[in-house]
Amino acid sequence: ITTQARDTYLKALAQFYSGMICTLLSREEEARGHFRAVLGSGIGHGPVTVLSLFYLQKDTIDEKGPEVLLDEKNGKPVNNMINLFLADRYFRTGQEKELLQALNYGISLELNQDIYYRYFYRYYLTRNDLERSLLYIKKLINEYPSSIFQEEARFNYACLLFQEKEYSEAGKLFQTLAETSPDSPYSARTLYFLGFIHFEQKEYEEAEKNLLSAIKGLEPGSALRTSGISLLAGIYVVKEEYRKNISLLAPVKDPAPDLMYTLAYSYSRTEQGSRALELVQDILDRPAEPDTHYRAFLLLHSLCTNTGNDGPLLKYIFKIKENRYVTGRDFINYILDLAGLQHRNRNYRESVNQLLNAITYDMEPEQKIRINLLLYRDYRSLKWQEKASAVLDTLIRLDPDNAERYRQEKEESEQP
């Protein structure tokens, strides 16, 4: 064999193994490039050429295609590389029985154990078998410290601990990854999880630092980036850094209602009431969680009270009552707010109607007391003395701690 032919073959072999590695790393385009380079190397129809052609066609080969790579005598793959390829194919196509056979056969060959461990833990992850997944991740990490999959395994190990809410151990692993591999493909996600853990532990300075770095590297619109922004917003509210919160949330396109509320609240705390009023009305006009609607309405109530503008409040309190966005205690409070609004506008009869409607619902003792106090106020305004006196009798029964005051008020009101 000539030196030139040997060098050509070695280069083709290097291209082939590069393609194999890229395939295992799911870098399909790079893999195809390496295999095409083998086909164009001019080494004829040798094994490397044939295998490269097979890899290039693996997405279209029929179900019986891999059988040509099995030994006719024992039905096993003809070598470890073929076994790895078949394991990869079975993993991608969800052929569990064939995958486990290939993985166990590969382990028996005692070659490329780290790759087989990787397939094992990824397979068990898809089965939600965390115990076995952790077993093979630890094997890969501990037995193959120089593996090209070491960083990926450490990241996934930390994620599994995070999933199990073992934040202390997960935090240590994420911290090590952040310090030792700042430019890795997992860097942004590592910083997000670190920020989340610091947030849970109320370490807001560290959480803010990590989350700010994370959202710069996370894909726009991704679930992790959206969550990171939400966590940062929560930090700024806790720290009362409302202008930082506005800078963070104002550029977000079509934010979720809970983020809109946080932004509206921040506007309200920085004397930008008109902008806050626009946002809370937008929240109340769209579908949202009951808690978000309730908080938005309370903020609307505060904004309208401060400005003396009851128009928006009247509009949305009726809408909330009609759609029953909330139930129980909160719904009773909505009705009481509506009655109070009617009273302020001197619509005493409407206020009475709302309060009598509220009495028909189950409620807590303090709510019953509040309703009767408001009824007494409205009956007095309407000069319905007999009804007002009857309400005082009810209050004496409901609120014994203040019974003496109610009796005195009743006596004074009945004097000619």
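All values derive from a computational prediction rather than experimental measurement.

A count of helices and strands for the protein gives 22 helices and zero strands. Here the protein holds 416 residues, and 44% of them are scored as buried. Relative to all contacts within the protein whose residues are 6 or more apart in sequence, the contacts with residues 24 or more apart total 47%. Element-wise, carbon and sulfur atoms account for 49% of the exposed surface of the protein, whose accessible area totals about 23000 Å².

So, about helix α4 (residues 80-93). Between its first and last C-alpha, α4 extends 20 Å over 14 residues, near the 20 Å set by a 1.5 Å rise per residue. With ten of 14 residues buried, α4 is to be regarded as a mostly interior element. Residues of α4 that are buried include every one of Asn80, Ile82, Asn83, Leu84, Phe85, Leu86, Ala87, Asp88, Arg89 and Tyr90, and no others. Of the residues flanking the end of α4, it is Gly94, one or two places downstream, whose phi is positive at about 75°.

It is the contact of helix α6 (residues 113-126) with helix α8 (residues 150-163), at a shortest axis distance of 12 Å, that shows an interaxial angle of 30°. As far as their axial angle goes, α8 and α6 are roughly parallel. Crossing geometry of α6 relative to α8 is assigned as left-handed. Contacts between α6 and α8 involve Arg118, Tyr121 and Leu125 on the former and, on the latter, Glu152, Ala153, Asn156 and Leu160.

Per the counting criterion, the structure on display carries 22 aromatic pairs. Counting every residue linked through ring pairs, the aromatic cluster contains Phe155, Phe162, Tyr167, Phe174, Tyr186, Tyr192, Phe193 and Phe196.

With that settled, consider the packing of α4 against helix α5 (residues 96-109). Following both chains from N to C, one finds α4 and α5 inclined at 150°, their axes separated by 9 Å at the closest point. Compared by their axis directions, α4 and α5 come out roughly antiparallel. Judged by the sense of rotation from one axis to the other, the crossing of α4 with α5 is left-handed. Here Asn80, Asn83, Ala87, Tyr90 and Phe91 of α4 come into contact with α5, specifically with Glu98, Leu99, Ala102, Leu103, Tyr105, Gly106 and Leu109. Residue composition of the contact of α4 with α5, grouped by class: eight nonpolar, three polar and one charged.

Cut-off values and rules
Residues numbered from 1 in each chain as written. Predicted model: local features only at pLDDT ≥ 70, side-chain atom pairs only at ≥ 80, totals over all residues. Heavy atoms only, no water. Helix = DSSP H or I, 4+ residues; strand = E, 2+ residues; numbered from the N terminus. Buried < 20%, exposed > 50% of the residue type's maximum accessible area, 1.4 Å probe, protein only. Contact = heavy atoms within 4.5 Å. Areas by Shrake-Rupley, 256 points an atom, 1.4 Å probe, with all protein chains shown as cover. Expected span 1.5 Å × (residues − 1). Axes fitted to C-alpha atoms, helices over the stretch in contact; angles between N-to-C directions. Parallel < 35°, antiparallel > 145°, perpendicular 65-115°, else oblique. Left-handed = near helix turned anticlockwise from the far one by under 90°. Phe/Tyr/Trp six-rings, centres within 6.5 Å; stacked < 30°, edge-to-face > 60°. Nonpolar A, V, L, I, M, F, W, Y, C, P; charged D, E, K, R; others polar.

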